[in-house]
Amino acid sequence: MTLEEDSMADIESSFEFSSSLTSSSLPPPRTRIFKIIVIGDSGVGKTCLTYRFCAGKFPDKTEATIGVDFREKVIEIDGEKIKVQLWDTAGQERFRKSMVQHYYRNVHAVVFVYDVTNAASFRSLPVWIEECRQHALGQEVPRILVGNKCDLRHAAQVSTDVAQQFADAHSMPLFETSAKNPYGSDDGGRNNSDHVEAIFMTVAHKLKSQKPLVLSQPPCGAGDTVTLRRQDEEDRGTWGCGCWRS
Ligand SMILES: Nc1nc2c(ncn2[C@@H]2O[C@H](COP(=O)(O)OP(=O)(O)OP(=O)(O)O)[C@@H](O)[C@H]2O)c(=O)[nH]1
Ligand SMILES: [Mg+2]
């Protein structure tokens, strides 16, 4: 689904209410939403990676993303249901310029993607990192680096060593993968690519561990009520609008 700019406000919320109440005396459970933006040059495979994670397969056909497409998947970590909301951004400048501010608003994690068969897409990474800096992304927002199209190892232009050095220099973990064939196709399936699923799950685990739900004891004399609160609610003393940052 391509988003119109005026619908962003509805999407830029980090909680949603469950439709059913488990008890008339309890507030409806909230589902946390982790907003993860996927950025990088046009053609590196952002749409294919996000589609692979959310739909479980490689798309038959893609076209250049205009503005942003967003995809969601509900996952469960330690018994908590979490909605992973992937923002598949446009790599082409002309298709992204009016949307950039929305990409970075209340973002929880950033996935930088380059194409291992396209050295120029790797050389562009500092530009994308600079864009994050310009949008005042805090150091606490996790970032990861993904080299895509590892099924085309024979055509690789970016070595793992060089990519790892870059990742280390920017304190990011590096994952090499393929949205098309995570097991590799031109090496008999032995290229040890990371699974797309595992990459996004790693990010979600990291986010969850940064902001765990904590058990909050009521003050003395407040009855038997025990409420679950998010750690940042503790920090701020309010649920606020739900537009929390990690
Ligand atoms: N062989 C191979 N091709 C891929 C892979 N991922 C994406 N592609 C192809 O690369 C092309 C671009 O993929 P997209 O996912 O549309 O690229 P994008 O980064 O979303 O591009 P923009 O929307 O323009 O920013 C398409 O032809 C895909 O089929 C991969 O892992 N392996
Ligand atoms: Mg795209």
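Residues numbered from 1 in each chain as written. Chains lettered and ligands numbered in written order. Predicted model: local features only at pLDDT ≥ 70, side-chain atom pairs only at ≥ 80, totals over all residues. Heavy atoms only, no water.

Per an unreviewed UniProt entry, the recorded name for the protein is small monomeric GTPase, and the organism is Cyprinus carpio. Here the protein is described in UniProt, under the heading Sequence similarities (unreviewed entry), as follows: "Belongs to the small GTPase superfamily. Rab family." (UniProt positions renumbered as here; feature names shortened; annotations may be inferred.)

Undergrad: I would appreciate a short explanation of the side chain of Glu 131 in the present structure.
TA: The residue Glu 131 is located in helix 6 (residues 125–134) in this model. Taking relative accessible area as the criterion, Glu 131 reaches 12% and is therefore assigned buried. Among the polar contacts made by the side chain of Glu 131, one reaches the side chain of Arg 96 at a distance of 2.7 Å. (Helix = DSSP H or I, 4+ residues; strand = E, 2+ residues; numbered from the N terminus. Buried < 20%, exposed > 50% of the residue type's maximum accessible area, 1.4 Å probe, protein only. Polar contact = N/O pair within 3.5 Å; in protein donor to acceptor, adjacent residues only side chain to side chain.)

Undergrad: I keep staring at helix 7 (residues 160–169) and nothing clicks. Help me out?
TA: Every α-helix carries 3.6 residues per turn, so stepping three or four residues along brings you back to the same face. Those residues of helix 7 not exposed but buried are Ala 163, Phe 166 and Ala 167. Looking straight down helix 7, one finds that the buried residues subtend no more than 100° of arc, so they occupy a single side. The outward face of helix 7, more than 90 degrees from its buried face, is lined by the exposed residues Asp 161, Gln 165, Asp 168 and Ala 169. Here the buried face of helix 7 lies against strand 5 (109–115), helix 5 (119–123), helix 6, strand 6 (143–148) and strand 7 (174–176). Just past helix 7, the residue Ser 171 takes up positive phi, approximately 55°. (Arc of directions from axis to C-beta. Contact = heavy atoms within 4.5 Å.)

Undergrad: Is there a simple way to think about the coordination of the magnesium ion (ligand 2) in this case?
TA: Ideal coordination angles are 109.5 degrees for a metal with four donors arranged tetrahedrally and 90 or 180 degrees for a metal with six donors arranged octahedrally. Protein coordination at the magnesium ion (ligand 2) comes from Thr 47 (OG1) and Thr 65 (OG1), with a distance range of 2.0 Å. Here Thr 47, found in helix 2 (residues 46–55), pairs with Thr 65, found in the loop between helix 2 and strand 3 (68–77); they are 18 residues apart in sequence, far enough to count as distant. Comparing Thr 47 with Thr 65, the two get one shared label, buried. (Donors = N, O, S within 2.8 Å, 3.2 Å for Na, K, Ca; no water.)

Undergrad: Explanation requested: the pattern of salt bridges in the structure shown.
TA: Opposite charge on two side chains makes pairing possible when the charged atoms of those side chains draw close. Counted by the stated rule, this structure contains 12 salt bridges. We note a salt bridge from Arg 71 to Asp 69, for which the minimum N-O separation is 3.8 Å. You can call Asp 69 buried: its relative accessible area is 12%. For Lys 81, the salt bridge goes to Glu 76, with nearest N and O atoms at 3.1 Å. Here the salt bridges share partners, and the residues they tie into one network are Arg 32, Glu 80 and Lys 208. (Salt bridge = Lys/Arg side-chain N within 4 Å of Asp/Glu carboxyl O.)

Undergrad: Got a minute to help me understand the site of ligand 1 in this structure?
TA: As a matter of local geometry, ligand 1 sits amid 21 residues, with Ser 42, Lys 46, Thr 62, Thr 65 and Gly 91 nearest to it. One of the backbone N or O atoms of Gly 43 is found 2.9 Å from an oxygen atom in ligand 1. Across the complex, the protein chains shield 83% of the 660 Å² of accessible surface that ligand 1 would expose by itself. For the shell around ligand 1, the element with the highest residue contribution is helix 2, accounting for 3 residues. A breakdown of the residues in the shell around ligand 1 according to their chemical character gives 7 nonpolar, 9 polar and 5 charged. (Near = heavy atom within 4 Å. Areas by Shrake-Rupley, 256 points an atom, 1.4 Å probe, with all protein chains shown as cover. Nonpolar A, V, L, I, M, F, W, Y, C, P; charged D, E, K, R; others polar.)

Undergrad: Would you mind going over helix 2 with me for this structure?
TA: Within helix 2, 7 of the 10 residues are buried, leaving the element largely enclosed by the surrounding structure. Buried residues belonging to helix 2 abut strand 2 (30–39), strand 3, strand 4 (80–89), strand 5, strand 6 and helix 8 (196–210). Just beyond helix 2, the residue with positive phi is Gly 56, at close to 80°.

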